[in-house]
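Geometric and topological summary
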Amino acid sequence: MKVIEAIKNRRSVRLYSGKKVSEVKLKRVLEAGRLAPSARNIQEWKFVVVRDKEILRKLSVAANNQEFIGRADSVIVGCSEITDYVMRCGQTAYPIDVAIAMTQMTIQAVEEGLGTCWIGSFYEDQVKRILNIPAKVRIVQMLTLGYPEEKPEPRPRKDFDEVFYFNEWKEF
Ligand SMILES: Cc1cc2nc3c(=O)[nH]c(=O)nc-3n(C[C@H](O)[C@H](O)[C@H](O)COP(=O)(O)O)c2cc1C
């Protein structure tokens, strides 16, 4: 599959078939994240991969009762151990780095015939408690993973000209 096809075919999948994802497929998805770039190549990410049904159910409660999370094959919890590195540009590196790695996972998931959904609506303190994540670690996002039981229509995106300026900023 061409990269652009995987990008175009990705959807947020919130309905999963229940079919088990093989270790081989899961590892290829995770590997796509491990190979991601990061600021100063710091690779400050840690990922907790949850496949236990009872823990998945608890995560769904901690994620604002989004029940579909409990029906995913896996949830990948994207964390960072190093949270104090600020780049020269003033941006904190870790949420950017972790999100890049997770984005690469979402694209590899498409290649594997799997669906994902980003989960940002969760209570960090509750997820930390469920997974025994130390206080100093921050959770950036979670990602559900599994065989899709739906192919949602593409969500609308802004037009090209609304998003890209060439050579200078333009106020309309
Ligand atoms: C950072 C982030 C957090 C998100 N959090 C949630 C969430 O908690 N629950 C959910 O159902 N979808 C969540 N989404 C999915 C978005 O709603 C979805 O990506 C958006 O509507 C575009 O649809 P698409 O992914 O199918 O293209 C999140 C997406 C991103 C990028």
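As a reminder, the structure under discussion sits directly above these lines.
Residues numbered from 1 in each chain as written. Predicted model: local features only at pLDDT ≥ 70, side-chain atom pairs only at ≥ 80, totals over all residues. Heavy atoms only, no water.

1. What to know about the packing of aromatic side chains
Each aromatic ring pair is specified by the distance between its two centres and by the angle formed by the two planes. Taken as a whole and judged by the stated rule, the model has three aromatic pairs. Judged by centre distance (6.5 Å) and plane angle (20 degrees), the rings of F160 and F166 are stacked. Pairing Y165 with W169 gives two aromatic rings, centres 4.8 Å apart and planes at 80 degrees, and the pair type is edge-to-face. Aromatic rings pair up to connect F160, F164 and F166 into one cluster. In this structure, K19 is placed above the aromatic ring of Y147, and the distance from its NZ or CZ to the ring centre is 4.4 Å. The ring of Y85 is capped by R40, whose NZ or CZ atom sits 4.1 Å from the centre of that ring. (Phe/Tyr/Trp six-rings, centres within 6.5 Å; stacked < 30°, edge-to-face > 60°. Lys NZ or Arg CZ within 6 Å of the ring centre and 35° of its normal.)

2. Notes on helix α4 (residues 93–111)
The end-to-end C-alpha distance of α4 is 28 Å, a good match for the 27 Å that 19 residues give at a rise of 1.5 Å each. Residues of α4 that are buried: A93, Y94, D97, V98, A101, M102, M105, T106, A109 and V110. Residues of α4 that are buried in the fold lie against α1 (3–9), α2 (23–34), β1 (45–50), β2 (74–80), β3 (115–119) and β4 (138–146). (Helix = DSSP H or I, 4+ residues; strand = E, 2+ residues; numbered from the N terminus. Expected span 1.5 Å × (residues − 1). Buried < 20%, exposed > 50% of the residue type's maximum accessible area, 1.4 Å probe, protein only. Contact = heavy atoms within 4.5 Å.)

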